[in-house]
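The chain contents come next:
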Amino acid sequence: MLLFSKYYKIVAIFTFGLLLNSELLASQTYWFSDTPPDREFAKKLSSSHDGLVLKSRRDGTSKLLWLREGEDPLTSTYVKEADAPLILLDAKKNLKTVAFKNKSYAEAIFKMPDEGFYNLFMIKRFVEDNTLYSITAKKEVLNHSCREGHDNIKEKMPPNAYEAAPVDIIRERMPRERFHTHVTSGDIVSYRILQKGKPLADASVTLVTQKGWKKTLKTDENGHVTFEMIRDYYPEWHEFKRRTRENFLVIVEYVQAQSGTLDDMTYDTISYKATASGSYYPSTKDYQSYLYGLLIGLFAFFATFLSVYLYRRRRLNVYQEQRLD
Amino acid sequence: MIKNIRKKINNGDLRRFRFWLQIFFFLLFVYGGYLSINLGQNIPTFACGFNSEGQGATCYLIPLQHQLALSSSTLFSMAGIAVLIGFSYFVLWFLVLNKGWCGYACPLGTIQDWITSLRSRLGIPYASYTWEQFKHLKKIKYILLVLMVVIPMGIGAGFFSHDMSTPFCMICPGRTLIPIFTGDFSQLTIDFSSKTKMILTTLGMLITGIFLAGSFFKKRFFCFFCPMSALHFMLSKLAFLKLKKDGSKCTKCGDCYTVCDMQIKEIADDVESKNILQDDCIMCLKCVSACPEEGALEVKFMGIPVFEATVEGYIKRMEKENKNG
Amino acid sequence: MANHKDEIKHPFNLTHQASEATRMLRSITDDFPDNPEAMNYFYDLYKKVYCEGVSLHENKKIVGTMCVQVPEELIYASGAVPVRLCNGFYTDDHNGADFMPAKSCSLVKATLGMLDSKSTLPFINRLDDIVLPATCDQKRKAGSMIADMGYSVYDMEVPPVKESEEARIYWRRSIRKFAGELKQITGKKLSKSSLKEAMAKISRAQKAYRKLYELRKQKNSVILGKDVFMVTNAYFFDEIESWTEAVNRLNVELEKRVEEKYSAAQRRAPRLLFTGSPAIFPNLKIPMLIEESGGVIVGDETCSSNRMLYDMVSSDEWHLNAMVDGIADNYLKPCTCPIFTKNDDRKRKLLHMAKEFAAEGVVYQSFSGCQVYSMEQASITKALNDEDIPVLFIESDYSPDDMGQLSTRIEAFIESLKAKRRRNRK
Ligand code: SF4
Ligand code: SF4
Ligand code: SF4
Ligand code: SF4
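Calculation rules
- Residues numbered from 1 in each chain as written.
- Chains lettered and ligands numbered in written order.
- Predicted model: local features only at pLDDT ≥ 70, side-chain atom pairs only at ≥ 80, totals over all residues.
- Heavy atoms only, no water.
- Helix = DSSP H or I, 4+ residues; strand = E, 2+ residues; numbered from the N terminus.
- Buried < 20%, exposed > 50% of the residue type's maximum accessible area, 1.4 Å probe, protein only.
- Contact = heavy atoms within 4.5 Å.
- Areas by Shrake-Rupley, 256 points an atom, 1.4 Å probe, with all protein chains shown as cover.
- Rg over C-alpha atoms; globule rule 2.2 N^0.38 Å.
- Patch = residues over 30% accessible without salt bridge, like charges linked within 9 Å, V, L, I, M, F, W, Y side chains within 5 Å.
- Salt bridge = Lys/Arg side-chain N within 4 Å of Asp/Glu carboxyl O.
- Core = buried A, V, L, I, M, F, W, Y, C linked by side-chain atoms within 4.5 Å.
- Buried area = accessible area lost by both parts, 1.4 Å probe.
- Polar contact = N/O pair within 3.5 Å; in protein donor to acceptor, adjacent residues only side chain to side chain.
- Nonpolar A, V, L, I, M, F, W, Y, C, P; charged D, E, K, R; others polar.
- Domains from an automatic or database assignment.
- Near = heavy atom within 4 Å.
- Phe/Tyr/Trp six-rings, centres within 6.5 Å; stacked < 30°, edge-to-face > 60°.
- Lys NZ or Arg CZ within 6 Å of the ring centre and 35° of its normal.
- Axes fitted to C-alpha atoms, helices over the stretch in contact; angles between N-to-C directions.
- Parallel < 35°, antiparallel > 145°, perpendicular 65-115°, else oblique.
- Left-handed = near helix turned anticlockwise from the far one by under 90°.
- Expected span 1.5 Å × (residues − 1).

Summing up its helical and strand segments, chain A has 5 helices and 20 strands in all. Buried positions account for 48% of the 325 residues belonging to chain A. In chain A, the proportion of contacts linking residues at least 24 apart, taken out of those at least 6 apart, comes to 63%. Surface accessibility of chain A: about 17,000 Å² in total, with carbon and sulfur atoms responsible for 53%.

Encoded structure:
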C-alpha cells in the first residue's frame, strides 16, 4: 500500500522528475470510516446517535475515524499510515487542524465538546503527469446526547460548508430531519456539490452502498444530485436487526482543463476526487406495518365498544324495573 | 377592587374558561414547535415527545425513562447531576399548577374531554365504575409507575434489551395519538423487527383502541391509569396550587361528586380533611364550580384564595346551564 | 283516587279545622306589627286553602308526599304536582288518635286524621298517589293504615345508613323504581327535557329561598321566623311558580328593609335557631311563643323548611341517568333527618348555621312520641354546648294545653340569653 506520507516526502525531496507509481494513488478512493479496524477496540467505545464514540471523564466525547481505501465499503482496507493535513469544521463552525495518529492504523481523533455536526476533511493535492490531483475525504459526524435535551435543534440542523475545500460534498437535510433521524433504505438523499463554495455542475457523483451497489449521476447546474437509497439488507425474519448500520460512499469525480503550477510542477488539467461517507439503516417499512397496527387498534376499539354495549344491555335486563330510557 | 375581581372569578363560567384554556395548552404543546416554542423537556404532563414536529415542550416521562436506563456508572458521574437538574425542573413546573396540569394542560386529557363532549352530544350516557371496581383500578397507575422505573433501570443494568427502552411510552396512547395531530401517523405501526418491539407496539395499539372506546364511555378513562398522575400525587403536598375543603360548611349534598369526572367520593363525603386533593383528582375544579356552599371548596395559590364556591356563582352557572339546551 | 268519602261532604269552611286555621292565621297576622306587605300573598293563600277550602291544582294529577326525601323533580317531570301531606292541625291530631297509640307523634296522627276525615281539604280528596318514604317507625306503620282508607300508597325504601356506598346504590335504585311508579300513575314517561325543566323550576324556587335565607343573616332581623315558616310551609301545597314569585317579591321588600335598617324584632332580641320536629301550620305554637317573648328565629333546621329547600342539585350532563342519580344523591346524602344511624351531619349543620347566623341559642322541639328527635337531643345539645351555645329542649305536641308552661320556659331561656350577652359584654 502506498502512503501519502511517503509520497509527500518524496515529492518534497525529489522535486523533479522522479518516477513514482502515482497512478495507484490517484486512482484510489480514500474515505473515512468510524468502524474500528479491530473488534476488540470497538468494545472500548460507546454507541451514540451517530456511530461509536470514545467517552472519557477527562475529554468528554471524542470521535475516532479511520482512513480506508477502496470503493466498496465492505471490502475497503484500512490505511496503515498517513499524514495528510486534516481540517476540522466543528459544531460552532470554527476551523481547526488535526493530525493523523498512526498507531497500527491511520486514525484521526477529535473531541466533540458541543452539540451539533462536526466535519472532518482530508485534503491532498499533488501533480503528476501534468495533472493536478485534488483529493478530498470528508466525514460529517453528529454529536448529540439526549441528556443535553432537545432544545434549539432546529438551529443546529443545517449542514455546514467548508468554503476552502476544493470539493465539498454536502448532504442536504431530509424533510423533518432531526438529530434522531437516520437515513434509511428507500430514503431520498440529496447532495450539493460545491467547489470552493460554489455549486459544481456536471460532476459525476457515484453512490456505493455497503453491498457494492453503485449508481452514477451528474450534478445539475446548481450542483445538486439526488439518489434513492436502495434496500440491500435481506436477512431471514428472525435474524432481522433494526439497528443494522451499513455504510455508503459518495464519490465525486470531476476533471477540469486548467493549467498552473503546484510546488514548481506544472499541470494543464485538474482531476478532482472527493468522498463522503455516510451510514444508513433498514427502512422502517421493512419491519413496521400500518395494516397490522390499524387492525389491532380497530379490534381493540370495537371489542371495548361491544363489551360496554353488552354490559349495558345485560344490566338493563337485570335492572329492568328501574329502566329510565 | 380585589373583592370585585374575586367576585367576578367566583361567578365565572368555569366550563368555558376551561375549554379555552385547554385549547390554548393543546395548541402550545402540540403545535408550539412550529412557532419555535420550546418549554424544555421536563414538562409534567403529556406534551408528547414523539410528536417531533410540533411539540412545544416535551413530556418528562421520556427523559425520565431514558435517564433511568443509563448505566449506573454514567448515572453516578456528572450525568447524574444533569438528571437531578432535569428532575428539579420537572418539580418546579409541577409545583405551579399541581394536578391542574391534568385538568387544564394535558393534551391527552384534553383529547379525552373532547371525546366526552362528543359522546354527550350524541346523548349517550356516561359509564361509571362501581366503588369496588374503582378501588382496584386506581392501583394500576402505581403499578405502571413502578414498572416505568424498574424496566429502564433493568435496561441500564443490562437485564433487558434496548428494545424495551421507554417502555411506558410504547404503551402510552399519547405516543400513538398526539403525533396524528401534526400529520404524523408513523406511530400507528406494529414493529416486527424484534419480538420485544412487536409485543410493545401491539400493546400500544391495543391500548390506543381501548383508550378511544374507553374514553368515549368513561370520562377521563385513561387518567385513572396514568403513571404521571401517580407521580404528581407524590409531590402534590408541596405544590403551590391547592384544593381546600372546609368540612364545617359542607352539607354533603354530593353535587361535587356528581360532576366529578374522576368519581372522587371524598370530595363530598370527607368533611375532615382540609387538603382534599386525592390521587385521582385532575384538579379540573368542576367540583368547586358545582358546590353551592359558600367557601366549602376553595382553590388557593400559595395561600391566596383564587377560586371559591359561592351560592351566587353556583346559581349563575346553574341558570346558564338551564338556558343552554 | 279516594272515593270512599263521596257520601257526605261538609264544605271545608264549616269544619273545626277551618276555624282552627282562622284562629291561628289571625294571631299570626294581628299579634305582630308591620308584617311585610309581600306576606299578604301567603296569608291570603292560607286563608283560601285552609279557611275557605278552595281547591288547588285543578286538572293536574296530585302526588302526596309524606316526607322530605321524595324527589319532587321527578314528580313535576312526570306532569304531576307534589303536595306534602305532613299536617299540623290539632283537630286532625285528635281524630288521628284512633289509629295510633296515644303517645305517638302528633304529626303522624294529624296526617292520618286529615286523610281519614270526611270533609278534608278539597285537593286532598283528589290524591292520585301517596308516596311514603320508609323513614321513622310511625310513618312506616302509617302506610298500611292510609292504604286501608282507600288511598293508593307507594312505599319508598330509604336506607337506614346513608354514609355507605351500598346505601347510595340502594337509594339510587329505589329512586329509579319510584320513577317507574310515577310513569304508572301519570302515564307519562320521564324525558330529558321534562326532567331538566322540572329541575330548573325547583332550582328557581330554591334560589328564591336561598336569597331569603341570606337575608336572615342580617344583623337587623328583617323578617320574623313565624313568617318564614309560613313561607316555607306554603311550599308544601302551593303552585310552585307563583310561590317562587311571591318569595322573590318578599325578598325585594326585605332588601328595602335592610337598606332602611328596619328591624322586625326588637333590636336586642336574642337570635335563635329552631331545630327538631317541624313547625307546620297551624302548629306554629313554639315559634310564636319565642317571638312573642322577645326572641327572633333567624334560621331553622327542620324538614318543613330549611331541609326541604336548601340543598340544590347539580348535574354534569343532562342525561336521564346522570340527572336522576344526581337528584337521588341530593335527597339522601345531605339529609339531616334523625332516622339515619349517625347524626354528625346534623351537628355540623347546626354548628355552621349558628356561626353563619350569629345565633345565640337553639330551640330544639321534639314532638312527644317522636323517638328519634328525642334520642338525638342529648348529643346535639352537647355538641352545641361545647361551642357555648345554649339549647332549650322542648317536648310538646299539638294540644294547646301546655302553652302556659311553655311560655314560662321560653321566656326564661330568652332572659338567660340576654343575661349571658350582658355578661359577655363586660
Ligand atoms: S408517549 Fe406518553 S409518556 Fe411518552 S412522551 Fe409521549 S405522552 Fe409522554
Ligand atoms: S392523568 Fe390524564 S390528564 Fe394527567 S397527565 Fe395523565 S393523561 Fe394527562
Ligand atoms: S358540593 Fe359542596 S356542599 Fe355539596 S358535598 Fe360537595 S363540598 Fe359539600
Ligand atoms: S375532585 Fe374536583 S377537581 Fe378533582 S377531579 Fe373531581 S371535580 Fe375535578
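All right, on to the overall build of chain B then. Helices and strands together make up the secondary structure of chain B, namely 17 helices and 4 strands. The globule rule puts the C-alpha radius of gyration for 325 residues at 20 Å, and the 20 Å found for chain B is close to it. If you line up chain B on its principal axes, its C-alpha atoms span 60 × 45 × 45 Å. Each of the 325 residues in chain B was classed as buried or not, and the buried ones make up 60%.

Looking now at a nonpolar patch on the surface. A cluster of nonpolar side chains, Met78(B), Ile81(B), Ile85(B), Tyr89(B) and Leu92(B), forms an exposed patch at the surface whose accessible area comes to about 540 Å². The topology assignment puts Leu92(B) in helix α5 (residues 78–97).

Before going further, it helps to examine the nonpolar core. With 144 residues, the main nonpolar core has Leu115(C), Phe237(C), Trp243(C) and Phe281(C) as its most contacted residues. It is helix α9 (residues 192–215) of chain C that contributes the most residues to this core, 10 residues altogether. Setting aside chain neighbours within four positions, we find Phe281(C) in contact with Ala21(C), Met24(C), Leu25(C), Ile28(C), Tyr46(C), Tyr50(C), Gly88(C), Phe89(C), Met230(C) and Asn233(C). In this structure, Cys59(B), Ile115(B), Leu177(B) and Met262(B) belong to the second largest nonpolar core, which totals 77 residues.

In this complex, chain C contributes 32 residues to the contact, which on the side of chain B involves 38 residues. Both faces considered, chain C and chain B share a buried interface measuring about 3,000 Å² in area, 46% of it formed by carbon and sulfur atoms. Area buried by chain C at its contact with chain B is led by Ser314(C), Asp316(C) and Arg348(C), which between them contribute 21% of it. Linking chain C with chain B are 10 salt bridges. Linking Asp269(B) and Arg168(C) is a salt bridge whose minimum nitrogen-to-oxygen distance equals 3.5 Å. Where chain C packs against chain B, one counts 23 residue pairs in polar contact (both at pLDDT 80 or more). Listing elements by their share of the side of chain C that touches chain B, those giving two or more residues are α8 (165–186), α9, α14 (320–332) and α15 (344–356) of chain C. Of the residues belonging to the side of chain C that touches chain B, the class tally is 7 nonpolar, 8 polar and 17 charged.

This part covers the side chain of Thr244(A). Residues and elements named next belong to chain A. Positionally, Thr244 belongs in the loop between β17 (224–228) and β18 (246–262). Looking at Thr244, its side chain comes within polar contact range of the main-chain oxygen of Lys241, at 2.6 Å. What Thr244 contacts, discounting residues up to four positions off in sequence, is Tyr233, Tyr280, Tyr281 and Pro282.

Residue and element names in this part refer to chain B. Splitting chain B by domain gives domain 1 (16–233) and domain 2 (240–323). One C-alpha centre belongs to domain 1, the other to domain 2, and the line joining them spans 27 Å. Across the boundary between the two partners, domain 1 contributes 27 residues, which contact 22 residues of domain 2. Together domain 1 and domain 2 conceal approximately 2,000 Å² of surface at their shared face, both sides included; 52% is due to carbon and sulfur atoms. Of the charged contacts in the structure, one is a salt bridge between Asp280 and Lys141, with a shortest N-O distance of 2.5 Å.

Around ligand 2, the surrounding shell consists of Thr45(B), Phe46(B), Cys102(B), Cys106(B), Gly109(B), Arg220(B), Phe222(B), Cys223(B), Cys226(B), Met228(B) and Ser229(B). Taken together, the residues that form the shell around ligand 2 break down as 7 nonpolar, 3 polar and 1 charged.

In this section: the packing of aromatic side chains. All names here are of chain B. For the structure on display, the rule yields 55 aromatic pairs over all chains. Between the aromatic rings of Tyr60 and Phe87, the centroid separation amounts to 6.3 Å while the plane-to-plane angle is 50°, which identifies the pairing as tilted. Within this pair, whereas Tyr60 is found in the loop between α2 (14–31) and α3 (61–68), its partner Phe87 is found in helix α5, the two being separated by 27 residues in sequence. Among the residues examined, Tyr60 registers a relative accessible area of 1% and is labelled buried. Residue Phe87 is classed as partly exposed on the basis of its relative accessible area, which comes to 32%. By the ring-pair criterion, three or more aromatic residues cluster together here, those being Tyr129, Trp131, Phe134, Phe221, Phe224 and Phe225. Cation over ring: Arg18 sits above Tyr104, and NZ or CZ is 5.6 Å from the ring centre. The lysine or arginine in question, Lys218, covers the ring of Tyr129, its NZ or CZ lying 5.0 Å from the ring centre.

Think of two packed helices as two axes; the pair is described by the angle between the axes and how far apart they sit. All names here are of chain C. Direction vectors running N to C along helix α5 (residues 106–116) and helix α7 (residues 137–148) enclose 10°, while the axes themselves pass 10 Å from each other. Comparing the axis directions of α5 and α7 gives the class roughly parallel. In this structure, α5 meets α7 at a crossing whose hand is right-handed. Mapping the contact onto sequence places Leu107, Val108, Leu112 and Leu115 in α5 and Gln138, Lys139, Ala142, Met145 and Ile146 in α7. Residues of the contact of α5 with α7, tallied by class, amount to 7 nonpolar, 1 polar and 1 charged.

With that settled, the discussion passes to the site of ligand 3. Close to ligand 3 lie Cys250(B), Thr251(B), Lys252(B), Cys253(B), Gly254(B), Asp255(B), Cys256(B), Ala268(B), Cys291(B), Pro292(B), Glu293(B) and Leu297(B). For the shell around ligand 3, the class distribution of residues is 7 nonpolar, 2 polar and 3 charged.

All names here are of chain B. Helix length check: helix α9 (residues 140–156) (17 residues) gives 24 Å between terminal C-alpha atoms against 24 Å at 1.5 Å per residue, within 8%. Looking only at α9, the buried set comprises Lys141, Leu144, Leu145, Met148, Ile151, Pro152, Gly154 and Ile155. Looking at the buried positions of α9, the neighbouring elements they touch are α3, α8 (131–137), α10 (167–171) and α13 (227–235). One or two steps after α9, the chain reaches Gly158, where phi turns positive at roughly 90°.

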